[in-house]
Amino acid sequence: MEIVTTRAALAEALAAKPGSPRGFVPTMGALHAGHISLVERARRENEVVVASVFVNPTQFNDPDDLKRYPRTPQEDIRLLEDAGTDIVFMPTPQEIYPEPDTRVFALAGVSEVMEGATRPGHFNGVAQVVSRLFDLVRPDRAYFGEKDFQQVAVIRAMCRECGYRLEIVSCPTVREADGLAMSSRNTLLGPAHRAAAPAIYRAMDRAAKQVRTSLGEGQAPAVEDVERQVAEEINSEQLLEVIYFRLVNARTLSPARSWDEEGGVQGCVAVQAGKVRLIDNLRFV
Ligand code: PAF
(Lines give C-alpha, C1' and ligand atoms only; values in the text may rest on other atoms or scores of the structure.)
Protein backbone atom coordinates (compact mmCIF):
# COMPACT_ATOMS: atom_id res chain seq x y z
CA MET A 1 0.00 0.00 0.00
CA GLU A 2 1.32 3.42 -0.89
CA ILE A 3 0.76 6.27 1.58
CA VAL A 4 0.77 9.75 0.07
CA THR A 5 0.21 13.13 1.69
CA THR A 6 0.41 15.62 -1.21
CA ARG A 7 -1.63 16.18 -4.38
CA ALA A 8 1.51 15.69 -6.48
CA ALA A 9 2.38 12.37 -4.80
CA LEU A 10 -1.24 11.21 -5.20
CA ALA A 11 -1.16 12.01 -8.93
CA GLU A 12 2.11 10.04 -9.26
CA ALA A 13 0.75 7.07 -7.31
CA LEU A 14 -2.41 7.03 -9.47
CA ALA A 15 -0.35 7.21 -12.67
CA ALA A 16 1.69 4.23 -11.46
CA LYS A 17 -1.54 2.22 -10.91
CA PRO A 18 -3.50 2.81 -14.12
CA GLY A 19 -6.06 -0.03 -13.69
CA SER A 20 -9.80 0.55 -13.95
CA PRO A 21 -12.35 0.72 -12.51
CA ARG A 22 -11.00 2.79 -9.63
CA GLY A 23 -12.91 2.64 -6.34
CA PHE A 24 -12.62 5.34 -3.68
CA VAL A 25 -13.45 5.33 0.04
CA PRO A 26 -13.26 8.82 1.58
CA THR A 27 -13.02 8.80 5.40
CA MET A 28 -12.15 11.04 8.32
CA GLY A 29 -10.11 8.23 9.91
CA ALA A 30 -10.63 6.65 13.36
CA LEU A 31 -11.63 3.68 11.27
CA HIS A 32 -13.94 0.91 12.45
CA ALA A 33 -15.54 -2.19 10.94
CA GLY A 34 -18.10 -0.01 9.08
CA HIS A 35 -15.32 1.77 7.14
CA ILE A 36 -13.54 -1.51 6.53
CA SER A 37 -16.71 -3.01 5.04
CA LEU A 38 -16.63 -0.15 2.48
CA VAL A 39 -12.99 -0.84 1.61
CA GLU A 40 -13.67 -4.56 1.31
CA ARG A 41 -16.56 -3.93 -1.04
CA ALA A 42 -14.46 -1.49 -3.09
CA ARG A 43 -11.74 -4.16 -3.22
CA ARG A 44 -14.21 -6.74 -4.58
CA GLU A 45 -15.63 -4.41 -7.22
CA ASN A 46 -12.59 -2.48 -8.51
CA GLU A 47 -9.16 -2.96 -9.95
CA VAL A 48 -7.63 -0.13 -7.93
CA VAL A 49 -8.74 0.96 -4.44
CA VAL A 50 -7.94 4.41 -3.04
CA ALA A 51 -8.90 5.59 0.46
CA SER A 52 -8.48 9.00 2.04
CA VAL A 53 -8.08 9.91 5.70
CA PHE A 54 -8.76 13.59 6.24
CA VAL A 55 -10.61 15.31 9.08
CA ASN A 56 -12.25 18.04 7.04
CA PRO A 57 -12.41 21.33 8.98
CA THR A 58 -15.03 22.93 6.71
CA GLN A 59 -17.75 20.47 7.72
CA PHE A 60 -17.46 21.19 11.48
CA ASN A 61 -19.64 24.04 12.64
CA ASP A 62 -18.29 23.68 16.21
CA PRO A 63 -14.50 24.18 16.70
CA ASP A 64 -14.52 22.04 19.90
CA ASP A 65 -16.11 19.18 17.98
CA LEU A 66 -13.29 19.41 15.41
CA LYS A 67 -10.67 19.41 18.19
CA ARG A 68 -12.26 16.43 19.94
CA TYR A 69 -12.76 14.35 16.77
CA PRO A 70 -10.81 11.06 17.27
CA ARG A 71 -7.58 10.62 15.30
CA THR A 72 -5.82 7.24 15.05
CA PRO A 73 -3.62 7.48 11.91
CA GLN A 74 -1.27 4.55 12.62
CA GLU A 75 -4.14 2.16 13.34
CA ASP A 76 -5.99 3.50 10.24
CA ILE A 77 -2.97 2.68 8.06
CA ARG A 78 -2.80 -0.86 9.46
CA LEU A 79 -6.53 -1.48 8.90
CA LEU A 80 -6.50 -0.05 5.36
CA GLU A 81 -3.49 -2.14 4.43
CA ASP A 82 -5.10 -5.33 5.82
CA ALA A 83 -8.30 -4.60 3.85
CA GLY A 84 -6.35 -4.42 0.57
CA THR A 85 -6.17 -0.67 -0.12
CA ASP A 86 -3.72 0.26 -2.90
CA ILE A 87 -3.24 3.95 -2.16
CA VAL A 88 -4.10 5.96 0.94
CA PHE A 89 -4.21 9.75 0.74
CA MET A 90 -3.60 11.49 4.10
CA PRO A 91 -3.32 15.19 3.27
CA THR A 92 -2.98 18.21 5.58
CA PRO A 93 -5.70 20.91 5.54
CA GLN A 94 -3.28 23.21 3.62
CA GLU A 95 -2.92 20.57 0.91
CA ILE A 96 -6.69 20.32 0.42
CA TYR A 97 -7.42 24.02 0.94
CA PRO A 98 -4.41 26.07 -0.24
CA GLU A 99 -6.98 28.89 -0.47
CA PRO A 100 -10.21 29.04 1.56
CA ASP A 101 -13.06 27.25 -0.25
CA THR A 102 -15.82 29.82 -0.79
CA ARG A 103 -18.04 27.66 -3.00
CA VAL A 104 -21.68 27.39 -1.98
CA PHE A 105 -23.43 24.33 -3.39
CA ALA A 106 -27.10 24.35 -4.39
CA LEU A 107 -28.02 21.02 -2.87
CA ALA A 108 -31.79 21.44 -2.95
CA GLY A 109 -34.04 20.30 -0.13
CA VAL A 110 -31.90 17.35 0.96
CA SER A 111 -29.31 19.59 2.64
CA GLU A 112 -31.71 21.83 4.53
CA VAL A 113 -33.57 19.42 6.81
CA MET A 114 -32.45 17.37 9.86
CA GLU A 115 -28.61 17.52 10.01
CA GLY A 116 -28.66 20.51 7.66
CA ALA A 117 -31.05 22.43 9.92
CA THR A 118 -29.25 21.54 13.17
CA ARG A 119 -25.62 21.83 11.89
CA PRO A 120 -25.59 24.93 9.65
CA GLY A 121 -22.92 24.75 6.93
CA HIS A 122 -22.11 21.10 7.62
CA PHE A 123 -23.26 19.71 4.29
CA ASN A 124 -21.74 22.54 2.28
CA GLY A 125 -18.42 21.59 3.90
CA VAL A 126 -19.00 17.92 3.05
CA ALA A 127 -19.73 18.86 -0.58
CA GLN A 128 -16.60 21.04 -0.71
CA VAL A 129 -14.25 18.33 0.46
CA VAL A 130 -15.86 15.44 -1.42
CA SER A 131 -15.79 17.38 -4.69
CA ARG A 132 -12.10 18.25 -4.15
CA LEU A 133 -11.30 14.62 -3.37
CA PHE A 134 -13.23 13.43 -6.44
CA ASP A 135 -11.27 15.91 -8.59
CA LEU A 136 -7.97 14.58 -7.22
CA VAL A 137 -8.77 10.85 -7.17
CA ARG A 138 -11.10 10.75 -10.24
CA PRO A 139 -12.84 7.53 -9.13
CA ASP A 140 -15.31 5.44 -11.13
CA ARG A 141 -17.10 4.50 -7.92
CA ALA A 142 -17.16 6.03 -4.43
CA TYR A 143 -18.36 4.18 -1.33
CA PHE A 144 -20.28 5.71 1.58
CA GLY A 145 -21.98 4.23 4.65
CA GLU A 146 -25.76 4.33 4.84
CA LYS A 147 -25.42 5.30 8.49
CA ASP A 148 -24.96 8.82 7.11
CA PHE A 149 -28.17 8.49 5.11
CA GLN A 150 -28.64 12.21 4.53
CA GLN A 151 -24.97 12.65 3.60
CA VAL A 152 -25.39 10.10 0.79
CA ALA A 153 -28.40 12.06 -0.54
CA VAL A 154 -26.37 15.30 -0.35
CA ILE A 155 -23.42 13.75 -2.20
CA ARG A 156 -25.74 12.46 -4.93
CA ALA A 157 -27.20 16.01 -5.24
CA MET A 158 -23.67 17.48 -5.37
CA CYS A 159 -22.72 15.02 -8.14
CA ARG A 160 -25.82 16.04 -10.14
CA GLU A 161 -25.05 19.73 -9.65
CA CYS A 162 -21.36 19.39 -10.61
CA GLY A 163 -21.88 16.85 -13.38
CA TYR A 164 -19.77 14.06 -11.83
CA ARG A 165 -20.46 10.83 -13.63
CA LEU A 166 -19.12 8.35 -11.09
CA GLU A 167 -21.30 5.79 -9.31
CA ILE A 168 -22.14 6.53 -5.66
CA VAL A 169 -22.38 3.23 -3.80
CA SER A 170 -24.30 3.32 -0.52
CA CYS A 171 -23.43 0.41 1.82
CA PRO A 172 -25.41 -1.03 4.77
CA THR A 173 -24.82 0.28 8.28
CA VAL A 174 -22.60 -1.98 10.39
CA ARG A 175 -23.83 -2.33 13.98
CA GLU A 176 -22.33 -3.41 17.29
CA ALA A 177 -23.81 -6.62 18.76
CA ASP A 178 -26.21 -4.48 20.86
CA GLY A 179 -27.49 -2.60 17.80
CA LEU A 180 -25.56 0.66 18.16
CA ALA A 181 -24.52 1.90 14.71
CA MET A 182 -20.74 1.90 14.39
CA SER A 183 -19.30 5.42 14.39
CA SER A 184 -15.89 6.94 15.04
CA ARG A 185 -17.66 9.09 17.63
CA ASN A 186 -18.64 6.03 19.72
CA THR A 187 -15.08 5.99 21.14
CA LEU A 188 -15.82 9.37 22.73
CA LEU A 189 -18.73 7.95 24.78
CA GLY A 190 -18.11 7.35 28.48
CA PRO A 191 -19.23 3.95 29.87
CA ALA A 192 -22.66 5.19 31.05
CA HIS A 193 -23.51 6.90 27.76
CA ARG A 194 -22.20 3.90 25.82
CA ALA A 195 -24.52 1.64 27.84
CA ALA A 196 -27.50 3.92 27.14
CA ALA A 197 -26.82 4.44 23.40
CA PRO A 198 -28.27 1.12 22.05
CA ALA A 199 -31.72 2.45 23.06
CA ILE A 200 -31.60 4.58 19.90
CA TYR A 201 -31.66 1.63 17.50
CA ARG A 202 -33.92 -0.39 19.83
CA ALA A 203 -36.63 2.27 19.78
CA MET A 204 -36.50 2.69 16.00
CA ASP A 205 -36.40 -1.06 15.36
CA ARG A 206 -39.35 -1.74 17.66
CA ALA A 207 -41.42 1.04 16.08
CA ALA A 208 -40.56 -0.06 12.52
CA LYS A 209 -41.67 -3.62 13.31
CA GLN A 210 -44.92 -2.35 14.89
CA VAL A 211 -45.64 -0.19 11.85
CA ARG A 212 -45.06 -3.10 9.45
CA THR A 213 -47.28 -5.40 11.56
CA SER A 214 -50.06 -2.78 11.70
CA LEU A 215 -49.89 -2.17 7.96
CA GLY A 216 -50.05 -5.94 7.41
CA GLU A 217 -53.27 -5.96 9.47
CA GLY A 218 -54.74 -3.16 7.38
CA GLN A 219 -54.18 -0.43 9.98
CA ALA A 220 -52.03 2.64 9.50
CA PRO A 221 -50.76 4.43 12.62
CA ALA A 222 -50.40 8.21 12.20
CA VAL A 223 -46.86 9.12 11.13
CA GLU A 224 -46.67 11.88 13.78
CA ASP A 225 -47.72 9.45 16.53
CA VAL A 226 -44.87 7.10 15.60
CA GLU A 227 -42.43 10.02 15.54
CA ARG A 228 -43.57 11.04 19.02
CA GLN A 229 -43.43 7.46 20.35
CA VAL A 230 -39.84 6.87 19.16
CA ALA A 231 -38.61 10.22 20.51
CA GLU A 232 -40.29 9.56 23.88
CA GLU A 233 -38.83 6.07 24.14
CA ILE A 234 -35.28 7.34 23.48
CA ASN A 235 -35.75 10.31 25.83
CA SER A 236 -36.85 7.92 28.58
CA GLU A 237 -33.16 6.89 28.78
CA GLN A 238 -31.89 9.51 31.25
CA LEU A 239 -28.57 10.09 29.47
CA LEU A 240 -29.99 10.53 25.97
CA GLU A 241 -31.69 13.58 24.51
CA VAL A 242 -33.34 13.44 21.10
CA ILE A 243 -32.37 16.35 18.82
CA TYR A 244 -34.81 15.14 16.16
CA PHE A 245 -36.48 11.98 15.00
CA ARG A 246 -38.14 12.31 11.60
CA LEU A 247 -39.93 9.94 9.29
CA VAL A 248 -39.08 11.11 5.79
CA ASN A 249 -39.51 10.15 2.16
CA ALA A 250 -36.37 8.05 1.63
CA ARG A 251 -35.68 9.69 -1.72
CA THR A 252 -36.48 13.39 -1.18
CA LEU A 253 -36.02 13.51 2.63
CA SER A 254 -39.17 15.62 2.87
CA PRO A 255 -41.52 14.76 5.77
CA ALA A 256 -43.46 11.53 5.17
CA ARG A 257 -47.18 12.23 4.92
CA SER A 258 -48.20 8.58 4.85
CA TRP A 259 -46.64 5.12 4.77
CA ASP A 260 -46.91 4.78 1.02
CA GLU A 261 -44.43 7.46 0.05
CA GLU A 262 -42.82 6.64 -3.28
CA GLY A 263 -39.28 5.47 -2.50
CA GLY A 264 -40.20 4.31 1.02
CA VAL A 265 -40.15 5.86 4.49
CA GLN A 266 -36.90 6.24 6.44
CA GLY A 267 -36.64 7.06 10.14
CA CYS A 268 -33.70 9.42 10.82
CA VAL A 269 -32.54 10.36 14.30
CA ALA A 270 -29.96 12.56 16.00
CA VAL A 271 -29.36 12.19 19.73
CA GLN A 272 -27.16 14.05 22.20
CA ALA A 273 -25.39 11.58 24.51
CA GLY A 274 -23.49 13.88 26.89
CA LYS A 275 -21.00 15.76 24.70
CA VAL A 276 -21.36 13.29 21.83
CA ARG A 277 -23.85 13.69 19.00
CA LEU A 278 -25.00 10.38 17.53
CA ILE A 279 -27.01 9.81 14.37
CA ASP A 280 -28.70 6.70 13.00
CA ASN A 281 -31.48 5.76 10.60
CA LEU A 282 -33.65 2.82 9.65
CA ARG A 283 -36.00 1.91 6.81
CA PHE A 284 -39.56 1.72 8.20
CA VAL A 285 -41.41 0.69 5.04
O1 PAF B 1 -18.51 10.54 6.29
C2 PAF B 1 -17.39 11.05 6.49
O3 PAF B 1 -16.51 10.48 7.14
C4 PAF B 1 -17.12 12.44 5.94
O5 PAF B 1 -18.23 13.25 6.01
C6 PAF B 1 -16.54 12.41 4.51
C7 PAF B 1 -17.53 11.86 3.52
C8 PAF B 1 -15.26 11.59 4.49
C9 PAF B 1 -16.19 13.85 4.08
O10 PAF B 1 -15.28 14.44 4.95
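Just so it is clear, the model here is predicted, and its values are computed rather than measured. Numbering of residues begins from 1 in every chain and follows the order in which that chain's sequence is written. This being a predicted model, a pLDDT of at least 70 is required before a residue's local features are given, and a value of 80 or more before pairs of side-chain atoms are given or counted; all residues contribute to the totals for chains, interfaces and linings. Hydrogens and waters are ignored; side-chain quantities use all the structure's heavy atoms.

### Points about the site of the ligand
Stage number 1. Taken together, the residues surrounding the ligand are P26, T27, M28, N56, Q59, V129, F144, D148 and Q151.
Stage number 2. Residues are grouped as follows: Ala, Val, Leu, Ile, Met, Phe, Trp, Tyr, Cys and Pro are nonpolar; Asp, Glu, Lys and Arg are charged; every other residue, Gly included, is polar. The residue inventory of the shell around the ligand, partitioned by class, reads 4 nonpolar, 4 polar and 1 charged. Put simply, a residue is near a molecule or strand once any heavy atom of it comes within 4 Å of that molecule or strand.

### As for the pattern of salt bridges
When charged atoms on two side chains of opposite charge get close, those side chains can pair.
Stage number 1. Only one rule defines a salt bridge in this text: a Lys or Arg side-chain nitrogen within 4 Å of an Asp or Glu carboxyl oxygen. Taken as a whole and judged by the stated rule, the model has 20 salt bridges.
Stage number 2. For the salt bridge of R185 with D65, the shortest nitrogen-to-oxygen distance reads 2.7 Å. Of the two residues, R185 sits in the loop between β6 (167–171) and α9 (191–196) while D65 sits in helix α3 (residues 63–68), which places them 120 residues apart along the sequence.
Stage number 3. Judged by its relative accessible area of 11%, D65 is buried.
Stage number 4. The shortest N-O distance in the salt bridge between D101 and R132 comes to 2.9 Å. Here D101 is found in the loop between α5 (93–96) and α6 (115–118), whereas its partner R132 is found in helix α7 (residues 122–137), with 31 residues between them in sequence. With respect to burial, D101 and R132 carry one shared label: buried.
Stage number 5. Bridged by salt links that share partners, the residues D65, E115, R119, R185 and R277 form one connected network. To qualify as a helix, a DSSP run of H or I must reach at least 4 residues; to qualify as a strand, a run of E must reach at least 2; elements of each kind are numbered from the N terminus. Burial classification: accessible surface area is computed with a 1.4 Å probe over protein chains only, and a residue below 20% of its type maximum counts as buried, one above 50% as exposed, and the rest as partly exposed.

### Here's the deal with the sheet that holds strand β8 (residues 265–273)
Stage number 1. Should DSSP find at least two bridges between two strands, the strands are taken to pair. One open sheet accounts for 3 strands, arranged β7-β8-β9; its pairing is antiparallel. Among the strands making up the open sheet, the edge pair consists of β7 (240–249) and β9 (276–283). Here the strands of the sheet are splayed against their neighbours by 15° on average, with no regard to which way each runs.
Stage number 2. Relative to β8, β7 runs antiparallel, the two being bridged by 9 bridges. Bridged to R246 within β8 is C268.
Stage number 3. Any two residues whose heavy atoms approach within 4.5 Å are treated as being in contact. Here an axis means a line fitted to C-alpha atoms, over the contact stretch when the element is a helix, while the angle between two N-to-C directions is reported on a 0 to 180 degree scale. Contacts from helix α11 (residues 223–235) reach β7 and β8 within the one sheet, and its direction differs from that of β7 by about 155°.

### Notes on the pairing of β6
Stage number 1. Inspection of the sheet shows strand β5 (residues 141–145) paired to β6 by 5 bridges, in the parallel sense. By the bridge assignment, A142 is partnered in β6 with I168.

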